[in-house]
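# Fold and geometry: a report
Residues per chain, in single letters:
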Amino acid sequence: MNGRSDAGAWVKSPLERLSLNQATVQSWGVRETIEGCARHGIPYVGLWRDKLAQEGVESARRLLEETGVKVSSLCRGGFFPAPTESERRERIDDNRRAIDEAAAVGTDVLVLVCGGIAGRDLEGSRRMVEEGIAEVLPYASERGVKLGIEPLHPMFAADRSVICTLGQAVAMAQRLDSAAVGVVVDVYHVWWDDQVYELIERATGRIIGFHVDDWLAPPPDVLMGRGMMGDGAIDLSGLFEAVARAGYDGPVEVEIFNRDIWETPADEVVALMKERYRRHVLGDG
């Protein structure tokens, strides 16, 4: 997936790396999402484990083979910090299951939402994340799956991820020093950082996922307040070009948590997503 530094080399056809993340179309299950991608000419889909479990891995594999749609990533592994050793072991075991599921549906990227704070111990929780990733890395490597450390906005530190900046994620990936671990850049979580462009450059060769959406001002909801591209404050094309310069040439996932979007007919959302992706991410007209 990695290795191309010319941003212009990304775009042979406007949609060739576009991926519809299931979070954007909550009314669709796996079958509807895969069939919707095929119908709208979207080559990739980002799957979520809860919906994959409802469809079944084998059924999903058949749908993917029939339609030719590819899986850009599976979400999610992670959630490593826990107050007891037994809970931590359960989470390690669940990450191994997630790795198996990723391999089964043909993706080489498992997105890690690393997990919130355990016992008010922020630094200890961060150590649990790194130790947890280190423990499952050999298993992931054997199965051809890369673990993508996704930093989340600091407002999610307590309950979703103690890895809050791209700098923390890149430093952790560097310490782990494995081809089977990298970082996922979601613009919603990193756009505000005054070092974001420097950190993306520092992540050269380690970026294994790129997610787009927008930051509404003010956000209507902390968790479910992401906007459609072009409706908010983020310089999407600037960040797109930055990750391309850093060597990332993989799929671009549109991942939007927003109740108003979820209540809109999904085919309308996908059509709008394609238009906004071309205009605001690719800068095409």
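See the structure above.
Below is a short write-up of the structure. (Residues numbered from 1 in each chain as written. Predicted model: local features only at pLDDT ≥ 70, side-chain atom pairs only at ≥ 80, totals over all residues. Heavy atoms only, no water.)

### Comments concerning the sheet that holds strand β5 (residues 146-149)
Basically, it comes down to this: Being paired, for any two strands, means DSSP has found at least two bridges between them. For the purposes of this entry, the term helix denotes a DSSP run of H or I that reaches at least four residues, the term strand denotes a run of E that reaches at least two, and both are numbered from the N terminus. For helices, the axis comes from a line fit to the C-alpha atoms of the stretch in contact; other axes are also lines fit to C-alpha atoms, and the angle between any two N-to-C directions lies between 0 and 180 degrees. Contacts were defined at the residue level, with two residues in contact if any of their heavy atoms lie within 4.5 Å.
Around the barrel, eight strands lie side by side as β1-β2-β3-β4-β5-β6-β7-β10; this closed barrel has parallel pairing. The average undirected angle you get between the axes of adjacent strands in this sheet is 30 degrees. Two strands pair when backbone bridges link them, and strand β1 (residues 18-21) and strand β2 (residues 44-48) are joined in this way by three bridges, in the parallel orientation. The residue bridging S19 from the neighbouring strand is Y44, located in β2. Of the strands in this sheet, β1, β7 (207-212) and β10 (252-254) are in contact with helix α11 (residues 266-281), which crosses β1 at around 135 degrees.

### Here's the deal with the nonpolar core
It is characteristic of soluble globular proteins that their nonpolar side chains tend to be buried jointly. Rules: In these notes, a set of buried Ala, Val, Leu, Ile, Met, Phe, Trp, Tyr and Cys residues joined through side-chain atoms within 4.5 Å is what counts as a nonpolar core. Residue burial is assigned from relative accessible area. The probe radius is 1.4 Å, only protein chains are included, and a residue is buried under 20% of its type maximum, exposed over 50%, and partly exposed in between.
Among the nonpolar cores identified, the biggest contains 93 residues, and I133, L147, I149, F210 and M229 are the most heavily contacted of them. Setting aside residues no more than four positions away along its own chain, I133 makes contact with F80, L112, L147, I149, M172, L176 and V181.

### What to know about the packing of helix α1 (residues 30-40) against helix α3 (residues 57-67)
Rules: For classification, angles of less than 35 degrees are called roughly parallel, those exceeding 145 degrees roughly antiparallel, those between 65 and 115 degrees roughly perpendicular, and all remaining angles oblique. Nonpolar residues are Ala, Val, Leu, Ile, Met, Phe, Trp, Tyr, Cys and Pro. Charged residues are Asp, Glu, Lys and Arg, and all others, Gly as well, are polar.
One way to put it is that α1 packs onto α3 with a least axis distance of 10 Å and a crossing angle of 10 degrees. Relative to α3, α1 is oriented roughly parallel. For the pair α1 and α3, the contacting residues are V30, R31, I34, E35 and A38 in the first and S59, A60, L63, L64 and T67 in the second. Per-class residue counts for the contact of α1 with α3 are six nonpolar, two polar and two charged.

Keep in mind that these numbers describe shape and distance, not what the molecule does.
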